[in-house]
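Each chain is listed here by its residues.
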Amino acid sequence: ESGYDLWLRYVGVEDAALRRAYASRITHLVVQGASPSLRAAAGELERGIRGLLGAGVPVEAEVRGQGALVVGTPASSAIVRHLGWGRELDALGPEGFVIRSTRVADRPVTIIASSGDAGALYGAFHLLRLLQTGRPIDTLRVAERPRLARRMLDHWDNLDGTIERGYAGASIWRWAELPARIDPRLVDYARANASIGINGVVLNNVNADPRVLRADYLAKVAAIASALRPYNVRVYLSANFGAPLPPSSTPDAMKKWGGIGSLPTADPLDPRVARWWREKADEIYRLIPDFGGFLVKASSEGMPGPQDYGRSHVDGANMLAAALAPHGGVVMWRAFVYPKNADPDRVKRGYKEFVPLDGRFAANVFVQPKNGPLDFQPREPFNPLFGAMPDTPLMPELQITQEYLGRATHLVYLAPMWKEFLDADTHARGAGSTVARIVERAPNGTSGMTGIAGVANVGADSDWTGHHFAQANWYAFGRLAWDPSLPSDAVAEEWARMTWSNRPRVVRTVESMMLGSWEAAVSDMTPLGLSLTVDGQHYDPGLERREGEYWHADSLGIGYDRSSRGSDYVGQYHEPLRRLWDEPATTPPELLLWFHRVSWDFRLPNGRTVWAELVHRYDDGARYGDDLLASWRTLAGDVDARRWREVQDRLEQQRAHALRWRDASVAYFGCRSGRTRCGG
Ligand code: BDP
């Protein structure tokens, strides 16, 4: 196996009794309705059942005897309509579904029903997951609905086929061939997304090449949209704010992109600019009637934006929102904005830029903060914007691609990191105001204005993600976007069963390898709340690079003082966090050096000094590489040879790299602190 099939392998059920039980419950398939999504559901069920049960089942127009699997909506299917579940299905929404064992004309059947075709498709994938993970299906009573409306995968793909922070080969969008030829791989990509509930993709890098909005590219975008549509995946684009300008107008850095228009300005308050965007939106929707909207990185890291014209983020976002609103599109306006003049402490800047704007964005604008205030570090405290903008829909941006977490070399399962973020209590409206709850509730209950985005780790490699275990992060992102309350271990177990095997030993081993891997990576690269310890490529240790900027280490101590006595970043949090995190003694050790500069002899709750704890963690983190290898070795023969060997190779690289991190870090801090000899 190459890994191409992801978690949708549909290999035969090994347990013969279970396979017989499934076969007696699924003797034929009845899919009433012929919409593209219902056809996709039927196709997937046929394919999955054929693989899992070793033989296909007939597709019938009606229930014939026992064991029908019926799929449909009240609108598409008379069988579903006559069950009288309409009210319940309506309450679950067009993406929600029920799966139920019941009787039709006195015959036992299994029903997958939804008020929408998309929900029926999601239900089909859910049933397949039950079969793939060996669950009983005799007395099903499933009711599901997504907790967030927009579950987005953001590609940082460039028009030349490269991917910013991509470690799995070239872009899967083959722009040169489009729109004439649509790579069949796109259908498999769409299936994978649908299987985990992802319903939107941004095709291009946030450092957006404006040409993607040109007519020739829009025709290509429309072709991609048509391939994804049956799977309920809508297309969005990153828009370059300077697009109305002429191509390569001026050589200065702020406008290095130029545009695709001919206007002398991109000032959002200039009526010509507003009109340009309105016409652009009209053009897009003529080609792609269900186009999702724009993701915008503006006035950030050299990208053009409203601040080039003395305007605010509100001016910029609302102008674009007005162009999209007549068509039902949205703007996702990134909050990854950190102008130097806002504050000497970089992590304070996003909050200072955006909190004053709360409540002023148009109804179809999301503000999109990263999970942490800095930049996708292995561990950060939650971004204080969550809980500070009650009147603005916030769509968190997570990073699935492992920019700072060992790229596609390291096995790092990210669900525990995302859970720490989603479960973090902001205390914005008293205890229990978790990030997940804030994100799940749109201000004023505006429908469609909840969501979450993950920066994709997908590329054209045969295994899609460059490491077989990195597939788990794509999978977990989708599952958590559907339901942020799912536990990391349950998601890991599902994935392990589908991707590797249902054998208990494999499931246990794979799951345990995954579950400790994030903490180990944090220990190895950024223990105790350190950040940006990497080199320019964001892969190898590069401690000297950032010395003094994100933390400071010398003979007296280590850390960054963000307490009220320092940068007062802690003041951006609600009580009691502000008070707790203001003192080293009541700050969780995991974030100690993020919030405080302490002496090397400062004692942690476990009795170790900071120096001893750092060394201990580096050691622990590095040793996880050995543990992973030892665990994986026990599975030789339990999993297919090619994938086993490929993972084994990666784990060996990871171990060597982890040791390098430990040695470089201990040597560096040993020298800075005066505990060990420098150099050599
Ligand atoms: C940083 C990445 C850079 C992105 C930027 C962003 O290093 O490639 O363009 O974030 O999110 O993490 O805009």
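What counts, and where the lines are drawn
- Residues numbered from 1 in each chain as written.
- Predicted model: local features only at pLDDT ≥ 70, side-chain atom pairs only at ≥ 80, totals over all residues.
- Helix = DSSP H or I, 4+ residues; strand = E, 2+ residues; numbered from the N terminus.
- Rg over C-alpha atoms; globule rule 2.2 N^0.38 Å.
- Buried ≥ 20, exposed ≤ 12 C-beta atoms within 10 Å, placed from the backbone.
- Contact = placed C-beta atoms within 7 Å.
- Pairing = 2+ DSSP bridges.
- Axes fitted to C-alpha atoms, helices over the stretch in contact; angles between N-to-C directions.
- Near = placed C-beta within 6 Å.
- Nonpolar A, V, L, I, M, F, W, Y, C, P; charged D, E, K, R; others polar.
- Parallel < 35°, antiparallel > 145°, perpendicular 65-115°, else oblique.
- Left-handed = near helix turned anticlockwise from the far one by under 90°.
- UniProt positions renumbered as here; feature names shortened; annotations may be inferred.
- Domains from an automatic or database assignment.
- pLDDT = per-residue confidence, 0-100.

J.: Hey, could you run me through the overall build of the protein chain in this one?
T.: When helices and strands are tallied, the protein chain shows 21 helices and 16 strands. Taking 26 Å as the expected radius of gyration for a compact globule of 680 residues, we find that the protein chain reaches 26 Å, a close match to that expectation. Principal-axis analysis of the C-alpha atoms places the extent of the protein chain at approximately 80 × 65 × 50 Å. The proportion of buried residues among the 680 residues of the protein chain is 53%. Contacts spanning at least 24 positions in sequence make up 71% of the contacts within the protein chain whose residues lie at least 6 apart.

J.: Explain the sheet that holds strand β5 (residues 141-144) to me, please; I cannot follow it from the model alone.
T.: Sheets are built from strands paired through backbone hydrogen bonds, the pairs being either parallel or antiparallel. Spatially, the five strands line up as an open sheet ordered β1-β2-β4-β3-β5, and their pairing is mixed. Lying at the two open borders of the sheet, with one neighbouring strand each, are β1 (28-31) and β5. Direction aside, neighbouring strands of the sheet carry axes that sit 25° apart on average. Where strand β2 (residues 68-72) lies against strand β4 (residues 107-113), five bridges are found, and the strand directions are parallel. The residue bridging V71 from the neighbouring strand is I112, located in β4. Relative to the sheet, helix α2 (residues 36-53) contacts β1 and β2, its axis offset from that of β1 by approximately 170°. Lying on the sheet, helix α5 (residues 117-132) is in contact with β2, β3 (97-104), β4 and β5; it crosses β3 at an angle near 75°.

J.: Would you explain the site of the ligand in this entry?
T.: Every residue lining the ligand is accounted for by E164, R165, V206, N207, K297, E301, F336, D375, F376 and E403. Per-class residue counts for the shell around the ligand are three nonpolar, one polar and six charged.

J.: What should I look at first to understand the pairing of strand β13 (residues 451-455) in this one?
T.: Remember that side chains alternate between the two faces of the sheet whenever the strand is regular. Counting buried residues along β13, five of its five residues qualify, which places the element largely inside the surrounding structure. Neither face of β13 is exposed, since G451, A453 and V455 on one face and I452 and G454 on the opposite face are all buried. In the sheet, strand β6 (residues 150-154) pairs with β13 via five bridges, with the strands oriented parallel. The residue bridging R150 from the neighbouring strand is G451, located in β13. The pairing of strand β12 (residues 397-399) with β13 spans three bridges and is parallel. Bridge assignment links Q399 to a residue of β13, and that residue is V455.

J.: Would you explain the packing of helix α7 (residues 215-228) against helix α8 (residues 271-287) in this entry?
T.: For any two helices packed against each other, the geometry is given by the interaxial angle and the distance between the axes. Where α7 meets α8, the closest approach of the two axes is 9 Å, and the angle between their N-to-C directions is 40°. Classified by the angle their axes make, α7 and α8 are oblique. Of the two elements, α7 crosses α8, and the hand of that crossing is right-handed. Each of L218, A219 and A222 in α7 lies in contact with α8, whose residues at this interface are E283, I284 and L287. Looking at the contact of α7 with α8 residue by residue, the classes come out as five nonpolar, no polar and one charged.

J.: What is the right way to read the environment of S665 from this model?
T.: Tracing the chain through its elements places S665 in helix α21 (residues 641-673). Residue S665 is classed as buried on the basis of its 24 C-beta neighbours within 10 Å. Those residues in contact with S665 that sit more than four places away from it in its chain are P541, L543 and Y618.

J.: What is the right way to read the sheet that holds strand β15 (residues 558-559) from this model?
T.: If you trace the three strands from one edge of the open sheet to the other, you get β14-β15-β16, paired in antiparallel fashion. Edge positions in the sheet fall to β14 (552-553) and β16 (597-598), since each has one partner strand and no second. Here two bridges tie β15 to β16, and the two strands are oriented antiparallel to one another. Within β16, the residue paired with I558 across the bridge is V598.

J.: What am I meant to see in the UniProt feature "domain: Alpha glucuronidase N-terminal" (unreviewed entry) in the protein chain here?
T.: Sequence positions flagged by UniProt for "domain: Alpha glucuronidase N-terminal" (unreviewed entry) are, in local numbering, residues 6-127. Segment residues 6-127 splits into 43% helix and 20% strand. End C-alpha atoms: 17 Å apart.

J.: It is not clear to me how the packing of helix α16 (residues 517-525) against helix α20 (residues 610-633) should be interpreted in this structure. Could you clarify?
T.: Two numbers describe how α16 lies on α20: the axes approach to 7 Å, and their chain directions differ by 130°. Regarding the angle of α16 to α20, the classification is oblique. Relative to α20, α16 is oriented so that their crossing is left-handed. Between α16 and α20, the contacting residues are S517, A520, A521, S523 and D524 on the first element and R617, Y618, D620, G621, A622 and Y624 on the second. Per-class residue counts for the contact of α16 with α20 are five nonpolar, three polar and three charged.

J.: Could you clarify how one ought to interpret the domain arrangement of the protein chain in this entry?
T.: How big an interface is tends to be stated in terms of the accessible area lost upon association of its parts. Splitting the protein chain by domain gives domain 1 (16-144), domain 2 (150-484) and domain 3 (519-673). Contact residues are listed per partner, giving nine residues for domain 1 and eight residues for domain 2. Ranked by residues supplied to the side of domain 1 that touches domain 2, first place goes to α2 with five residues. Per-class residue counts for the side of domain 1 that touches domain 2 are six nonpolar, one polar and two charged.

J.: Help me understand the confidence of the model for the protein chain, please; the structure alone is not making it clear to me.
T.: Close inspection of predicted coordinates is inappropriate in any region flagged by low pLDDT. Looking at the protein chain, pLDDT values average 97 and 99% of them are 70 or higher. What the predictor reports for the complex is a pTM of 0.98 with an ipTM of 0.99.

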